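# Fold and geometry: a report
The residues making up each chain are set out below.
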Amino acid sequence: MVSVTLFIGLWQLASASHLRLGFVTFVNVPAPTEVFESFIALVRSGKLAPHLAASIVRVFAGFGVAAVTGILLGLAIARSKLAEDVLWPPLEILRPIPAVAWIPLAILMFPSAEGSMVFITYTGALFPILLNTIHGVAEVDHRLISSARSLGAGWRAILFEVIIPGAAPSIVTGLAIGMGTAWFCLVTAEMIAGQFGVGYYTWESYTLQNYPDIIVGMLVIGALGMASSVLVRWAGGRLTPWRETK
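Small disclaimer: the values here were computed from a predicted structure and weren't measured. (Residues numbered from 1 in each chain as written. Predicted model: local features only at pLDDT ≥ 70, side-chain atom pairs only at ≥ 80, totals over all residues. Heavy atoms only, no water.)

### Brief notes about the overall build of the chain
Broken down by element type, the chain carries 10 helices and zero strands. Ordered by position from the N terminus, the helices and strands of the chain form the series α-α-α-α-α-α-α-α-α-α. For the chain, the spread of C-alpha atoms along the principal axes amounts to about 70 × 45 × 40 Å. Among the 246 residues that make up the chain, the fraction classed as buried is 39%. Contacts in the chain between residues at least 24 apart in sequence constitute 70% of all its contacts with a sequence separation of at least 6. In the structure as shown, the chain presents an accessible area of about 14400 Å², 69% of it carried by carbon and sulfur atoms. Charge-centre separation for the chain: the mean point of 14 positive side chains lies 6 Å from the mean point of 13 negative side chains. (Helix = DSSP H or I, 4+ residues; strand = E, 2+ residues; numbered from the N terminus. Buried < 20%, exposed > 50% of the residue type's maximum accessible area, 1.4 Å probe, protein only. Contact = heavy atoms within 4.5 Å. Areas by Shrake-Rupley, 256 points an atom, 1.4 Å probe, with all protein chains shown as cover. Lys, Arg positive; Asp, Glu negative; His and termini not counted. Charge placed at Lys NZ, Arg CZ, Asp CG, Glu CD.)

This is how it looks when you write it as structure tokens:
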């Protein structure tokens with residue numbers, strides 16, 4: 001909390017004094033007091049709730065589908081040589097493509113802007129979840145699997161009682177990273193194709209040169225992303241009570 005207070009104080013000082021550092025200037029950067037006033041005005045206007053609702057629904061829709069497909073694909077690729085040979089090469093080709101590059105194709109593929117924005121969110125969240133699932137399964141001690149087999153456990157029991165619990169910490173980490181990436185991708189999509197949403201609000205503020213509102217949008221995005229990741233980690237901790245926490 002002290003570091004946040006110090007940061008805000010330095011920001012206020014730099015903006016109020018129109019600080020110029022040569023390579024960066026605070027002449028046009030609104031002060032924290034202006035940003036706070038804009039935030040209060042936005043809340044009182046009633047316009048914040050529709051933007052929040054639109055962004056939250058899009059993020060959790062895309063993230064939810066990405067979580068299911070990422071975990072299932074990760075388990076398949078990590079446990080099956082055939083699945084690895086068939087699925088991993090095309091996924092590895094698609095993985096480096098940034099989500100923003102999918103936007104034109106998403107607009108062509110989906111008849112509605114909502115569908116395209118959820119798809120962009122999905123692509124952003126998928127690969128962190130997929131890679132962490134593969135890594136988590138690969139790190140499961142093979143001696144545990146061998147012991148379960150020697151005790152007569154079938155493949156289903158090994159999967160649900162050995163592999164998934166052993167890989168769960170890594171999967172939870174992937175889910176938390178995927179949630180943060182989902183927000184980044186959604187905001188980019190909303191700036192281009194949205195009519196509601198925090199990303200759309202931020203971009204609209206820029207086009208209207210409402211500089212305090214730009215920072216309001218940025219901070220709301222940051223707060224939502226942080227809260228969502230904390231929620232995912234909390235839920236993951238509840239589902240993996242055997243995991244050591246610091």
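### A short note on the environment of Ala 78
Note on placement: Ala 78 falls in helix α3 (residues 48-79). Look past the residues within four positions of Ala 78 in its chain and what remains in contact with it is Ile 134 and Val 137.

### With respect to the packing of aromatic side chains
Within the structure shown, the criterion is met by five aromatic pairs. Plain terms: the ring middles of Phe 7 and Trp 11 are 6.3 Å apart, the flat faces sit at 45° to each other, and that makes the pair tilted. In this pair, Phe 7 and Trp 11 are both assigned in helix α1 (residues 2-16), four residues apart and thus about one turn of the helix distant. A residue is classified by how much of its surface remains accessible, and Phe 7, at 55% relative accessible area, is exposed. An aromatic cluster is present here, built from Trp 102, Phe 110, Phe 119 and Tyr 122 joined pairwise through their rings. (Phe/Tyr/Trp six-rings, centres within 6.5 Å; stacked < 30°, edge-to-face > 60°.)

### Some points on the layout of surface pockets
Approximately 360 Å³ is the volume found for the largest pocket. Lining the largest pocket are Val 4, Phe 7, Ile 8, Trp 11, Pro 32, Val 35, Phe 36, Phe 39, Val 216, Leu 219, Val 220 and Ala 223. Secondary structure elements with two or more residues in the lining of the largest pocket: α1, α2 (32-45) and α10 (211-239). Counted by class, the lining of the largest pocket contains 12 nonpolar, no polar and no charged residues. (1 Å grid on protein atoms, 1.4 Å probe; cavity = no way out; pocket = protein on both sides within 12 Å on 5 of 7 lines; lining within 4 Å. Points joined across faces, edges and corners; volume = space filled by probe spheres on them. Nonpolar A, V, L, I, M, F, W, Y, C, P; charged D, E, K, R; others polar.)

### Thoughts on the packing of α3 against helix α4 (residues 81-94)
Between two packed helices, the angle of one axis relative to the other and the distance separating the axes together describe the packing. At a minimum axis separation of 6 Å, α3 and α4 run at an interaxial angle of 125°. What the angle tells us is that α3 and α4 run oblique. Where α3 crosses over α4, the two elements pack in a sense that is left-handed. The residues of α4 that touch α3, namely those facing Leu 73, Ala 76, Ile 77 and Arg 79, are Lys 81, Ala 83, Glu 84, Leu 87, Trp 88 and Leu 91. Of the residues that constitute the contact of α3 with α4, the class distribution is seven nonpolar, no polar and three charged. (Axes fitted to C-alpha atoms, helices over the stretch in contact; angles between N-to-C directions. Parallel < 35°, antiparallel > 145°, perpendicular 65-115°, else oblique. Left-handed = near helix turned anticlockwise from the far one by under 90°.)

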